[in-house]
Amino acid sequence: MNRNKGVTGPRGFRAAGIAAGIKGSGALDLTLVVNDGPSDAAAGVFTTNKVKAAPVLWSQQVVQSRRLTAVVLNSGGANACTGPEGFQDTHATAEKVAEVLGAGAVDVAVCSTGLIGERLPMDKVLTGVENVAKELDSTDQAGLNAATGVMTTDSRPKQSWKASGQGWSVGGFVKGAGMLAPNLATMLSVITTDAKISGEQLDRALRLATSRTFDRLDVDGGTSTNDTVLVLASGASAVEPSFDDFAALLTEVAGDLVKQLQGDAEGVTKEISITVRQAATEAEAVLIGRTVAEDNLVKTALFGSDPNWGRIAMALGRADAEIDPDVLQILINGVSLYRGGTRDRDRSEADLSGREIEIVIDLNVGDAEATVLTTDLSHDYVEENSAYSS
């Protein structure tokens, strides 16, 4: 996996990221990704939150055609809960991109991220669109600038690229550090490929990939109003892979992006994986993993490097799933601390001093399995989120 390349790694794509003045800090805040074809296949998944930002409502509509020419993204404002005027702002942004590219507005997806409830400074956005289009390039630096332009509380840009070995590749970027919970997307991400693939297959592959990657990261239980993952296919390689091969590489790149999200989550000091094994169904395994991942008592114990398996047992017992405490086993970093209805080895044997923590929950009621990723709840997380809008 190559993290020095992103959306411009696959052939047929140009990108750019500039400082348009949306952020008062002067940091990069406007990104444009353009598919030069010959294909313009596209697909997207979006937040399940019922309070959806204007850009989500717009992009959901335009991607139904399974084709896109460009994606424009801004940081510094979510354009969420901004009423009809906010939707008009999104429409105006898409129209401006279409104007400078010689495309149609319905071929342009729009994404925004930042503080909820404020209108965007549209004079800066529209001027920024003109300026960012002038910077479009297919270089690695252009891809990195694009990944940087979507950052909010992220400490670093996150991108990934991998070649298939068959003449085509997949690359992408992602942003997100807080308000991360599984529900299709969990943040903003644009993924590109030069494989030759139809929009319908792209949609199917994206939903499969996100269900196993983005949908299994849960930092704080907050499903954002703006969550979006888009995938664009240029077909520039002229290679048509099998569906299984394409879905596998897309999932691999998405998984690497998700791992970077976990490592850069707000206030993170522990990267935690929760694997639920021998569950009745995969859905129940995911549900149990999420329930443990979102439990604040579990998260604070792990922040303190405390292998408090009792909190894990309490949390998983709340899940609406088939659970038998008499056959249940809980392991932390390879040490069995609970088995058969009572404690097993002494908790002091589990070393949690490092950054990586692995929790394994063996339900022993079926043969399904799933892993959910999460982080601890630290002082820094509370401090950062208590001052987010000030």
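Residues numbered from 1 in each chain as written. Predicted model: local features only at pLDDT ≥ 70, side-chain atom pairs only at ≥ 80, totals over all residues. Heavy atoms only, no water.

- By the naming in an unreviewed UniProt entry, the protein chain goes by Arginine biosynthesis bifunctional protein ArgJ and is assigned to Lentzea jiangxiensis.

### What about the overall build of the protein chain?
- In terms of regular secondary structure, the protein chain is built from ten helices and 15 strands.
- Rg of the C-alpha trace for the protein chain: 21 Å, near the compact-globule value of 21 Å for 390 residues, within the 12% margin.
- Counting all 390 residues of the protein chain, 55% fall into the buried class.
- Sequence-distant contacts, at least 24 apart, represent 80% of the contacts inside the protein chain between residues at least 6 apart.
- On the protein chain, roughly 14800 Å² of surface is accessible, and the fraction owed to carbon and sulfur atoms is 46%.
- Each charge class in the protein chain was averaged separately, 34 positive and 52 negative side chains, and the resulting centres sit 2 Å apart. (Helix = DSSP H or I, 4+ residues; strand = E, 2+ residues; numbered from the N terminus. Rg over C-alpha atoms; globule rule 2.2 N^0.38 Å. Buried < 20%, exposed > 50% of the residue type's maximum accessible area, 1.4 Å probe, protein only. Contact = heavy atoms within 4.5 Å. Areas by Shrake-Rupley, 256 points an atom, 1.4 Å probe, with all protein chains shown as cover. Lys, Arg positive; Asp, Glu negative; His and termini not counted. Charge placed at Lys NZ, Arg CZ, Asp CG, Glu CD.)

### Structural notes on helix H4 (residues 140-148)
- If you check which residues of H4 are buried, you get Ala142, Gly143, Ala146 and Ala147. Taken down its axis, H4 places every buried residue within 140 degrees of arc, on the same side.
- Where H4 is buried, its residues meet strand S1 (13-18), strand S2 (30-35), strand S6 (158-163) and strand S7 (169-175). (Arc of directions from axis to C-beta.)

### Quick notes on the sheet that holds S1
- Here four strands make up an open sheet; going across it, the order is S1-S2-S4-S5 and the pairing mixed. Strand pairing shows two members of the sheet lacking a second neighbour, S1 and strand S5 (108-113), which therefore form its edges. Averaged over all neighbouring strand pairs, the angle between strand axes comes to 10 degrees, with direction disregarded.
- Direction of pairing for S2 relative to strand S4 (residues 70-75): antiparallel, over a ladder of five bridges. Bridge pairing in S4 links leucine 32 to valine 72.
- Along the sheet face, helix H2 (residues 83-101) touches S2, S4 and S5 and points at about 130 degrees away from the line of S5.
- Those strands touched by helix H3 (residues 122-134) are S1 and S2, and its axis lies near 50 degrees from that of S2. (Pairing = 2+ DSSP bridges. Axes fitted to C-alpha atoms, helices over the stretch in contact; angles between N-to-C directions.)

### Comments concerning unusual backbone geometry
- The residue after glycine 37, namely proline 38, is reached through a cis peptide bond having omega 20 degrees.
- Position of proline 38 relative to the elements: it lies in the loop between S2 and strand S3 (41-46).
- Of note in this structure, cysteine 81 is not a glycine but carries a positive phi near 60 degrees.
- Looking at where cysteine 81 falls in the secondary structure, it is placed in the loop between S4 and H2.
- A positive phi angle is found at serine 305, which is not glycine, with a value near 55 degrees.
- In this fold, serine 305 is placed in the loop between helix H8 (296-303) and helix H9 (309-316).
- The class of serine 305 is partly exposed, set by a relative accessible area of 28%.

### Re the nonpolar core
- Among the nonpolar cores identified, the biggest contains 45 residues, and Leu32, Phe173 and Leu230 are the most heavily contacted of them.
- Among the elements that make up this core, the one with the highest residue count is H3 (five residues).
- Ignoring sequence-local partners within four residues, the contact set of leucine 32 consists of Arg14, Ala15, Ala16, Ala70, Val71, Val72, Val97, Val132, Ala133 and Leu136.
- Formed by 33 residues, the second largest nonpolar core is a distinct cluster that contains Phe214, Val231, Phe243 and Leu249. (Core = buried A, V, L, I, M, F, W, Y, C linked by side-chain atoms within 4.5 Å.)

### Here's the deal with the UniProt feature "binding site: substrate" (unreviewed entry) in the protein chain
- When the UniProt feature table is mapped onto this chain, "binding site: substrate" (unreviewed entry) is found at Thr152, Lys175, Thr186, Glu266, Asn385 and Ser390.
- Looking at the secondary structure, you find threonine 152 in the loop between H4 and S6.
- Here threonine 152 falls in the partly exposed class, since its relative accessible area comes to 27%.
- Non-local contacts of threonine 152, meaning those with residues more than four positions away in its chain, are made with Ser75, Thr113, Gly114 and Lys175.
- Residue asparagine 385 is classed as partly exposed on the basis of its relative accessible area, which comes to 32%. (UniProt positions renumbered as here; feature names shortened; annotations may be inferred.)

### Remarks on the state of the cysteines
- As enumerated under the stated definition, the model contains zero disulfides in all.
- The closest cysteine sulfur to the non-disulfide-bonded cysteine 81 is located on cysteine 111, 17 Å from its own sulfur. (Disulfide = S-S within 2.5 Å.)

### Examining the environment of alanine 209
- Inspection of the secondary structure puts alanine 209 in helix H5 (residues 199-212).
- Remark: the alpha-carbon pair of alanine 209 and serine 112, spanning 97 residues in sequence, is separated by 23 Å.
- In contact with alanine 209, not counting residues within four places along its chain, are Leu250 and Thr251.

### Focus on the side chain of lysine 175
- Along the chain, lysine 175 falls in strand S7.
- With no salt bridge to any partner, buried lysine 175 finds its closest opposite charge in aspartate 154, at an N-O distance of 4.3 Å.
- A polar contact is formed between the side chain of lysine 175 and the side chain of threonine 113, at a distance of 2.9 Å.
- In contact with lysine 175, not counting residues within four places along its chain, are Thr113, Val150, Thr152, Asp154, Met187, Leu188 and Leu261. (Salt bridge = Lys/Arg side-chain N within 4 Å of Asp/Glu carboxyl O. Polar contact = N/O pair within 3.5 Å; in protein donor to acceptor, adjacent residues only side chain to side chain.)

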